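Coordinates in review
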Amino acid sequence: MSILIFIIVIVALIVVHEFGHFVAAKLSGMRVDEFGLGFPPRAMIITKVGETEYTLNWLPLGGFVKIYGEDGKVPGDAPDPRAFSSRPRILQAIVLVAGIAMNLLFAYVLITGALFMGTPRALSGDELTTARDIQLMVANVLPGSPAARAGLTIGDTILSAEDGRYVFSGVSPAEFTKFVSDGRGNTTIALSVRHADGKEALLFARPTVDVITSDPSRPALGVEVATVGVVSLSFIAAVTEGASLTWEATKMTAVGLWHFFYGVFTLSADLSQVAGPVGIAGIVGSASAQGLGYLFSITAIISINLALINLIPIPALDGGRLLFVIIESIIRRPINPRISQAMNAVSFVFLILLMLVVTANDIFKIVG
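Before going into details, it helps to say that this report is about the structure given with it. What you see is a predicted model, and the numbers here were worked out from it, not measured in a lab. (Residues numbered from 1 in each chain as written. Predicted model: local features only at pLDDT ≥ 70, side-chain atom pairs only at ≥ 80, totals over all residues. Heavy atoms only, no water.)

Comments concerning the pattern of salt bridges
Here the structure, examined in full by the defined rule, presents nine salt bridges. As a salt-bridge pair, Arg194 and Glu200 come within 3.9 Å of each other at their nearest N and O atoms. We note a salt bridge from Glu248 to Lys251, for which the minimum N-O separation is 3.4 Å. Of this pair, Glu248 and Lys251 are both found in helix α5 (residues 235–265), three residues apart, which corresponds to roughly one turn of the helix. For Lys251, a relative accessible area of 36% puts it in the partly exposed group. When salt bridges with common partners are traced through the structure, they connect Glu34, Arg42, Glu53 and Lys66 into a single cluster. (Salt bridge = Lys/Arg side-chain N within 4 Å of Asp/Glu carboxyl O. Helix = DSSP H or I, 4+ residues; strand = E, 2+ residues; numbered from the N terminus. Buried < 20%, exposed > 50% of the residue type's maximum accessible area, 1.4 Å probe, protein only.)

Some thoughts on unusual backbone geometry
Backbone torsion omega between Pro40 and Pro41 reads 15 degrees, so that peptide bond is classified as cis. Phi at Asp133 takes a positive value of approximately 55 degrees, unusual for a residue other than glycine. Looking at the secondary structure, you find Asp133 in strand β4 (residues 132–141). Although it is not a glycine, Asp210 adopts a positive phi angle of roughly 60 degrees. Tracing the backbone shows Asp210 in the loop between β8 (200–205) and β9 (223–231). The exposed category is assigned to Asp210, whose relative accessible area is 62%.

Comments concerning a nonpolar patch on the surface
Side chains of Leu323, Ile326, Ile327, Ile330 and Ile331 sit close together on the surface and give an oily, nonpolar patch of about 410 Å² of accessible area. Among the structural elements, Ile327 can be located in helix α8 (residues 318–331). For Ile327, a relative accessible area of 32% gives the class partly exposed. (Patch = residues over 30% accessible without salt bridge, like charges linked within 9 Å, V, L, I, M, F, W, Y side chains within 5 Å. Areas by Shrake-Rupley, 256 points an atom, 1.4 Å probe, with all protein chains shown as cover.)

A look at the side chain of Gln92
For Gln92, the position within the fold is in helix α2 (residues 89–117). Look at Gln92 and you get buried, because its relative accessible area is 5%. Separated by 3.1 Å, the side chain of Gln92 and the backbone oxygen of Phe84 make a polar contact. Not counting residues within four places of it along the chain, the set of residues in contact with Gln92 comprises Met30, Phe84, Ser85, Arg87 and Val325. (Polar contact = N/O pair within 3.5 Å; in protein donor to acceptor, adjacent residues only side chain to side chain. Contact = heavy atoms within 4.5 Å.)

Section: the packing of aromatic side chains
One pass over the full model with this rule turns up eight aromatic pairs. Clustering of aromatic rings is evident, with ring pairs tying together Phe19, Phe22, Phe35 and Tyr54. It is Arg31 that lies over the ring of Tyr68; its NZ or CZ is 3.8 Å from the centre. Geometry around Phe84 places Arg321 over its ring, the cationic atom sitting 5.9 Å from the centre. (Phe/Tyr/Trp six-rings, centres within 6.5 Å; stacked < 30°, edge-to-face > 60°. Lys NZ or Arg CZ within 6 Å of the ring centre and 35° of its normal.)

Structural measurements only, silent on function.
Here it is in structure tokens:
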């Protein structure tokens, strides 16, 4: 199921990106020969409107737009004035940037939708009456503590706890702490928990002293808990807050990508902090298990990453093609096709190698 959801997310993100190119090309007066769902080989022509064929292709991992003359090859002595290469360079640049802009707009829509539907988060006292799906969730586990030895992990939900005399089933962190410390350290507590993957388990832990440095005499498990629930914003509040969060997420992603690619070129990148296709599939699967709002949020972050990565001035990406357009507008003549094709090939090989390394790192983290 996780793989299917991952495929749907990736297809949606790529189709949205290509739709941006498609709309901008049409509005710029360019001839669009094909808008394809999936990648060739072609399965069928869905329909044809004017000069544009809408096709369904056999490899269902995205989509593409075929704009006449985008590769610079326009046959004949009098090229079609609607070819990509024949249009003013400012329009070429707009078409190239449109896919990136569409991904950012899509992220904003998703974040706004997530805020409107509601996503799980720590609750303040005055939100308890308006929140739904309220749970007591593990926010932190001290290494080597009774909680850690029992198998509690961050993100677990504590459904109930029993010490042989009392049963705790509330959602108040203060009451849970009191329940644990009242055992006086000589009673094993049975904890019924639900892990982040949805599986439930019964874990056993005995509170001990000298776990909490600020209060060493108090029996404790070494776990920090928080009341978590789903809070929905009004539509107007979601629209406003969504814009702010999208901007902040875009800035943080840009900084993160800058540090990563700087590390790649200086051979100092920390791949342990990077997720490739395998890692992203796992993240998307976990997000979908926590609700549609959470899945929207994760998809929005991936969409922002896709937008900013495409803006990087590497020839195989939109940013590289945009750089070529800028150079051509400065030198006032087209770049030699052989040079651009060679740079595209080198860049493509670099991106494939980088993807393979990151994917291998994903696999090593899973099996290791």
